[in-house]
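Each chain, letter by letter, is given below.
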Amino acid sequence: MSSIILEAKSLTKEYKQTLALDHINLQIKKGKIYGFIGQNGAGKTTFLRLVTGLAFPTSGTLSLWGNSGTEELQKQRKRIGSMIETPALFPSMTAYQNMEVQRIQRGIPDKSVIKRTLDMVGLQDTGKKSVRNFSLGMRQRLGIAIALLNTPELLILDEPTAGLDPMGRDVLLSQIVDYHRQRNNTVLLVSHSMEDIARIADRILVIDDGKVAMFEKTDKVFAQSARLSQMGLRVPQ
């Protein structure tokens with residue numbers, strides 16, 4: 001069985017007169033943590049939206065687990081868990097109720113997965129507290145819990161540590177790594193924090209002006225500080 005779970009071939013996305021993604025070619029393999037970096041507007045979120053089915057390519061092909069047809073892609077996306085941009089939450093509901101809505105929508109029969117997942121992200125004691133009274137960090141963790149609800153083989157997290165204090169950031173990154181090791185799943189982590197990427201990523205994908213600028217092992221990417229600087233990125237201290 002192939003270890004390639006995601007493949008893009010000349011993947012292109014245009015919005016009116018703007019070329020958001022310009023003939024992207026890449027392969028994502030099973031069992032790795034990938035860091036995904038680039039300036040705002042470089043094309044990171046557009047790529048994630050194509051992968052998760054929130055947008056569709058103008059041209060090129062996208063394959064998931066070797067499948068590229070429209071219907072097959074939709075089936076394969078059930079194997080993905082994602083939090084892209086701000087988590088979509090019901091503010092008047094509790095954490096458990098938000099998770100229950102998602103469980104029903106996704107057709108997950110096992111209710112116990114809710115408690116296990118809330119325990120995993122440290123939200124097991126929020127009780128009847130509504131999400132509108134959560135801190136930003138708590139909302140982020142709930143968004144991650146929702147992404148983990150279906151025990152995804154590919155976990156996509158867009159800025160998961162945003163709004164967290166240093167201790168909360170450390171705990172969350174450790175939880176992501178622990179989950180990855182337990183499940184041997186694949187993680188695609190988008191972050192503006194080079195320290196976060198350096199800490200947990202096996203490989204780094206750098207997008208610049210809609211194109212793949214670099215796609216190498218973490219140490220090799222950060223060894224090219226001058227090139228990163230030209231793209232407005234910095235090497236972590």
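The structure presented is a predicted model; accordingly, all values stated were derived computationally and were not measured.

What counts, and where the lines are drawn
- Residues numbered from 1 in each chain as written.
- Predicted model: local features only at pLDDT ≥ 70, side-chain atom pairs only at ≥ 80, totals over all residues.
- Heavy atoms only, no water.
- Helix = DSSP H or I, 4+ residues; strand = E, 2+ residues; numbered from the N terminus.
- Buried < 20%, exposed > 50% of the residue type's maximum accessible area, 1.4 Å probe, protein only.
- Contact = heavy atoms within 4.5 Å.
- Areas by Shrake-Rupley, 256 points an atom, 1.4 Å probe, with all protein chains shown as cover.
- Lys, Arg positive; Asp, Glu negative; His and termini not counted.
- Charge placed at Lys NZ, Arg CZ, Asp CG, Glu CD.
- Core = buried A, V, L, I, M, F, W, Y, C linked by side-chain atoms within 4.5 Å.
- Pairing = 2+ DSSP bridges.
- Axes fitted to C-alpha atoms, helices over the stretch in contact; angles between N-to-C directions.
- Salt bridge = Lys/Arg side-chain N within 4 Å of Asp/Glu carboxyl O.
- 1 Å grid on protein atoms, 1.4 Å probe; cavity = no way out; pocket = protein on both sides within 12 Å on 5 of 7 lines; lining within 4 Å.
- Points joined across faces, edges and corners; volume = space filled by probe spheres on them.
- Nonpolar A, V, L, I, M, F, W, Y, C, P; charged D, E, K, R; others polar.

## Some points on the overall build of the chain
Here's step 1: Of the regular secondary structure elements, the chain holds 9 helices and 9 strands.
Here's step 2: The C-alpha extent of the chain, read off along each of the three principal axes, is 50 × 45 × 40 Å.
Here's step 3: The buried share of the chain, reckoned over its 237 residues, is 49%.
Here's step 4: In the chain, the proportion of contacts linking residues at least 24 apart, taken out of those at least 6 apart, comes to 65%.
Here's step 5: In the structure as shown, the chain presents an accessible area of about 12,000 Å², 49% of it carried by carbon and sulfur atoms.
Here's step 6: Of note, the chain has its 32 positive side-chain charges centred 4 Å away from the centre of its 23 negative side-chain charges.

## What to know about helix 1 (residues 44–52)
Here's step 1: Burial runs high along helix 1: 7 of the 9 residues are buried.
Here's step 2: Buried within helix 1 are the following residues: K44, T46, F47, L48, L50, V51 and T52.

## Details of the nonpolar core
Here's step 1: The biggest cluster of nonpolar side chains holds 45 residues, and the ones touching the most others in it are M99, L118, L142, L157, I204, V206 and L228.
Here's step 2: Ranked by the residues each element gives to this core, the list is headed by helix 5 (residues 136–148), at 7 residues.
Here's step 3: When near neighbours in sequence (up to four residues on either side) are disregarded, M99 contacts I114, T117, L118, L142, A145, I146 and L149.
Here's step 4: With 28 residues, the next largest nonpolar core counts L26, I28, I80 and L154 among its residues.

## Some details on the sheet that holds strand 7 (residues 186–190)
Here's step 1: Strand order in this open sheet of 6 strands is 5-6-7-3-8-9, and the pairing throughout is mixed. In this open sheet, the two edge strands, each paired with only one partner strand, are strand 5 (80–83) and strand 9 (211–217). Geometrically, the sheet is characterised by an average inter-axis angle of 15° between neighbouring strands, direction not taken into account.
Here's step 2: Across 4 bridges, the pairing between strand 3 (residues 33–37) and strand 7 is parallel. Paired with I33 across the strands is V187, a residue of strand 7.
Here's step 3: Contacting strand 3, strand 5, strand 6 (154–158), strand 7 and strand 8 (203–208), helix 1 crosses the sheet at an angle of about 145° to strand 6.
Here's step 4: This element, helix 5, spans strand 5 and strand 6 of the sheet and lies at about 165° to strand 5.

## Here's the deal with the sheet that holds strand 4 (residues 59–64)
Here's step 1: Within the open sheet, the 3 strands sit side by side as 2-1-4. Their pairing is antiparallel. A strand with exactly one partner marks an edge of an open sheet, and here the two such strands are strand 2 (18–29) and strand 4. Averaged over all pairs of adjacent strands, the angle between their axes in this sheet comes to 15°, without regard to strand direction.
Here's step 2: Judged from the 5 bridges that link them, strand 1 (residues 4–15) and strand 4 form a sheet pairing that is antiparallel. Pairing of L6 across the sheet is with L64, part of strand 4.

## Observations concerning the pattern of salt bridges
Here's step 1: The final tally for this structure, using the stated rule, is 9 salt bridges.
Here's step 2: Its salt-bridge partner being R103, residue E100 comes within 2.9 Å of it at the nearest N-O pair. On the criterion of helical spacing, the pair formed by E100 and R103 is a turn pair, its members being 3 residues apart in helix 3 (residues 95–106). Pair check on accessibility: E100 and R103 agree, each one buried.

## Concerning the layout of surface pockets
Here's step 1: Of the volumes computed, that of the largest pocket is approximately 670 Å³.
Here's step 2: Taken together, 22 residues make up the lining of the largest pocket; nearest its centre are I80, G81, S82, Q102 and R106.
Here's step 3: Within the residue set of the lining of the largest pocket, elements represented by two or more residues are strand 5, helix 3 and helix 5.
Here's step 4: The leading source of residues in the lining of the largest pocket is strand 5, at 4 residues.
Here's step 5: A per-class count over the lining of the largest pocket returns 10 nonpolar, 9 polar and 3 charged.

## Looking at unusual backbone geometry
Here's step 1: Backbone geometry at E159 places phi at a positive 55°, although glycine is not the residue there.
Here's step 2: Inspection of the secondary structure puts E159 in the loop between strand 6 and helix 6 (166–183).
Here's step 3: We note that D209 has phi near 55°; this positive angle belongs to a residue other than glycine.
Here's step 4: Tracing the chain through its elements places D209 in the loop between strand 8 and strand 9.

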